[in-house]
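One letter stands for each residue in the lines below.
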Amino acid sequence: MLEHVPHWLGALLHDVRAGHSKLVIVQDGFAGDAELDLRSPAFGNGARLPERFTADGAGVSPPLVWGDVPAGTAGLALIVEDADAPSPQPLVHAILWDLPADERTIAEGAIRADGDGAPDGRDVGRNSYLREGWLPPDPPTGHGSHDYVFQLFALSQVPDIGATPGRSEFVEAIRGRVLAAGMLVGTYSRGERLMTGTDAPMVPAM
């Protein structure tokens, strides 16, 4: 959708951004007392997202992996937000709720509509377009680089918040229950010179 925003308008809105200070993980009490080692085999922290995971490619969700979780973890939850969206709040690209505590991976393409959820309790929530599943990154042309922030939380309790939770339900459900949290950032942009990898030469955006 936002790929159709003209370059001049994207450039005009360059400084209009939700801001990193509004991400879930930076709010008081949401970082927990320990850090989760969240990574992706598809891109490095702070590196550009491969086109495959965006609206310019197949639009599937990227694979994620993480390390050990604290004792007492009842389940895990994930939210992915665009901190640079030209909106009052970060744009939600994915919510994944009630992952089993012994889970250590999310496979490529796994964040997709699942109705009322899986038999083991996990459930894919609503993105900012009010749809279940992965909302592929789709920044306005000329708006600059966007940070897509993957935030994983280990929870002491996983309350029932119903099928397809949205951001507000997610935030209220994990409040006061975060034992540990991890963060991974992938970037994406259109219509500007950019780095295509962690050490690639500068090339024009296509």
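Everything here concerns the structure above.
Just so you know, these numbers come straight off a predicted model, no measurement behind them. (Residues numbered from 1 in each chain as written. Predicted model: local features only at pLDDT ≥ 70, side-chain atom pairs only at ≥ 80, totals over all residues. Heavy atoms only, no water.)

(A) The arrangement of the environment of Thr-187 in detail. In this structure, Thr-187 sits in strand β10 (residues 178-188). On the basis of relative accessible area, Thr-187 is assigned to the buried category, the value being 13%. Excluding residues that lie within four positions of it along the chain, Thr-187 makes contacts with Gly-46, Ala-47, Arg-48, Leu-49, Ser-145, His-146, Asp-147 and Tyr-148. (Helix = DSSP H or I, 4+ residues; strand = E, 2+ residues; numbered from the N terminus. Buried < 20%, exposed > 50% of the residue type's maximum accessible area, 1.4 Å probe, protein only. Contact = heavy atoms within 4.5 Å.)

(B) Spotlight on the packing of aromatic side chains. One pass over the structure, following the stated rule, counts 4 aromatic pairs. Among the aromatic residues, those joined into a ring-pair cluster are Phe-43, Trp-134 and Phe-150. (Phe/Tyr/Trp six-rings, centres within 6.5 Å; stacked < 30°, edge-to-face > 60°.)

(C) Examining the pairing of strand β9 (residues 146-155) more closely. Counted residue by residue, β9 has 10 buried out of 10 residues, so it is predominantly covered. Residues of β9 alternate between two faces, with His-146, Tyr-148, Phe-150, Leu-152 and Ala-154 on one and Asp-147, Val-149, Gln-151, Phe-153 and Leu-155 on the opposite face, all of them buried. For strand β5 (residues 75-82) and β9, the ladder comprises 8 bridges, and the chain directions are antiparallel. Within the sheet, the bridge partner assigned to Val-80 lies in β9 and is Phe-150. By the bridge criterion, 10 bridges tie β9 to β10 in an arrangement that is antiparallel. (Pairing = 2+ DSSP bridges.)

(D) Structural context of the nonpolar core. Within the largest apolar cluster, 24 residues are counted, with the highest numbers of intra-cluster contacts made by Leu-64, Trp-66, Leu-76, Leu-78, Ile-106, Ile-111 and Phe-150. Contributions of two or more residues to this core are made by β4 (64-66), β5, β6 (91-99), β9 and β10. Discounting chain neighbours no more than four positions away, the residues touching Leu-64 are Leu-38, Arg-39, Ser-40, Leu-78, Arg-104, Thr-105, Ile-106, Phe-150 and Leu-184. Ile-95, Val-149, Phe-170 and Val-171 belong to the second largest nonpolar core, which has 20 residues in total. (Core = buried A, V, L, I, M, F, W, Y, C linked by side-chain atoms within 4.5 Å.)

(E) The arrangement of the side chain of Arg-48 in detail. As for its position among the elements, Arg-48 is in strand β3 (residues 47-48). Of the side chains bearing the opposite charge, Glu-51 lies closest to the buried Arg-48, which forms no salt bridge; the N-O distance is 5.7 Å. Separated by 3.3 Å, the side chain of Arg-48 and the backbone oxygen of Ser-189 make a polar contact. (Lys, Arg positive; Asp, Glu negative; His and termini not counted. Salt bridge = Lys/Arg side-chain N within 4 Å of Asp/Glu carboxyl O. Polar contact = N/O pair within 3.5 Å; in protein donor to acceptor, adjacent residues only side chain to side chain.)

(F) Summary view of the pattern of salt bridges. The final tally for this structure, using the stated rule, is 10 salt bridges. With its nearest N and O atoms 2.5 Å apart, the salt bridge here joins Glu-108 to Arg-52. With Glu-108 in the loop between β7 (105-106) and β8 (123-124) and Arg-52 in the loop between β3 and β4, this residue pair connects regions lying 56 residues apart in the sequence. With a relative accessible area of 36%, Glu-108 lands in the partly exposed category. Residues Arg-122 and Asp-120 are paired through a salt bridge, measuring 2.8 Å at the closest nitrogen-oxygen approach. Put simply, Asp-56, Asp-138 and Arg-190 are held in one network by salt bridges that share partners.

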